[in-house]
Amino acid sequence: MSEVLLKGKSKVVRQGVCDDSLVIEFLDCVTAFNGDKKAEFVGKGALCAAISGIIFRHLEKHGIKTHLIKDVSETSVSVKKADIIPVEVVVRNKSAGGFAKKYGVDEGSSLKNVVVEFSYKSDTLGDPLMNESQITALGLADQSELRDMADEALKINQLLVNFFASVGIELADFKLEFGRYQDEIILCDEISPDSCRLWDIATGERLDKDRFRRDLGDLLEGYAEVFNRLNSR
Ligand code: UDP
């Protein structure tokens, strides 16, 4: 296997076969609270790789440019080597998690509009929220890139809200990462129950990483439910 370029909390990134490609391996490891809570669930990596693959292919089919090249194994995917913009984009359709806590709004409350948030991708600083002028002041991204990321995030949100609703799941919120590749901004990283809040529309059951964060039930069962529903769509 080729050289490890980066070992993250739940993924390993290796050099790909061509210069401008990478191979991302999804690990069984799961972390929460900036790495303070950690565990391993055998099969989680394969489930996240499969779910993220289904979602990225759905987005590509609807005109969203992504890093995806092809699956290389059950847990690995070959992707374009983009220059990752160190700004995480969170999209919220319902109040939950950090938003519910910070603003004192009950989890599950409706919002008058979709929220798009930027935060600094930095584990050491705990991914602090950042506004546009702070991001441009530090040169992390420029105005036009931020506009592209926010526009793309809203398009992705609309596609995914409908996609998940078609299998009885509400997309409450999720996180995206983008990268620069050949003069374009493309969607990178993953979209999976590790990075989304997914609520069963009929029962309200949490099918995402909150099962682990808040000890709400077997993590793999929730992820497998998401996979089975999307896969049989
Ligand atoms: N999220 C993520 N990685 C992060 C932070 C957030 O994937 O480093 C996802 C998280 O799973 C949720 C959404 O982004 O679907 C919003 O997360 P929030 O800001 O509420 O963070 P929390 O306080 O719950 O970690």
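Residues numbered from 1 in each chain as written. Predicted model: local features only at pLDDT ≥ 70, side-chain atom pairs only at ≥ 80, totals over all residues. Heavy atoms only, no water.

## A word on the pairing of strand β7 (residues 76–80)
Here β7 lies mainly inside the structure; four of its five residues are buried. By the bridge criterion, five bridges tie strand β3 (residues 21–26) to β7 in an arrangement that is antiparallel. Along β7, the bridge assignment pairs Ser21 with Lys80. Pairing of strand β6 (residues 68–71) with β7 involves three bridges; the strand directions are antiparallel. Along β7, the bridge assignment pairs Lys70 with Ser78. Two successive antiparallel strands, β6 and β7, enclose a turn made up of four residues. (Buried < 20%, exposed > 50% of the residue type's maximum accessible area, 1.4 Å probe, protein only. Helix = DSSP H or I, 4+ residues; strand = E, 2+ residues; numbered from the N terminus. Pairing = 2+ DSSP bridges.)

## Some details on the site of the ligand
In the neighbourhood of the ligand, 15 residues make up the surrounding shell, with Arg92, Gly98, Asp173, Arg197 and Arg213 lying closest. Contact distances for the ligand include 2.7 Å between an oxygen atom and a side-chain N or O atom of Arg92. A distance of 2.3 Å separates an oxygen atom of the ligand from a polar side-chain atom of Arg197. When the ligand is considered free in solution it has 510 Å² of accessible area, and contact with the protein chains removes 74% of it. Where the shell around the ligand is concerned, the elements lending two or more residues are β9 (87–94), α2 (97–103), β11 (169–181) and β13 (196–200). In terms of residue class, the shell around the ligand is built from four nonpolar, three polar and eight charged. (Near = heavy atom within 4 Å. Polar contact = N/O pair within 3.5 Å; in protein donor to acceptor, adjacent residues only side chain to side chain. Areas by Shrake-Rupley, 256 points an atom, 1.4 Å probe, with all protein chains shown as cover. Nonpolar A, V, L, I, M, F, W, Y, C, P; charged D, E, K, R; others polar.)

## Some remarks on the pattern of salt bridges
Applying the stated criterion to the full structure yields 26 salt bridges. In this structure, Arg14 and Glu25 form a salt bridge, with 3.0 Å as the shortest nitrogen-oxygen distance. Placement of the pair is Arg14 in strand β2 (residues 11–15) and Glu25 in strand β3, with a sequence separation of 11 residues. One salt bridge connects Asp210 with Arg214, and the closest N-O pair in it is separated by 3.6 Å. Among the residues examined, Asp210 registers a relative accessible area of 0% and is labelled buried. Salt bridges here are not isolated pairs; linked through shared partners, they connect Arg92, Glu107, Glu117, Asp173, Arg197, Arg206, Asp210, Arg213 and Arg214. (Salt bridge = Lys/Arg side-chain N within 4 Å of Asp/Glu carboxyl O.)

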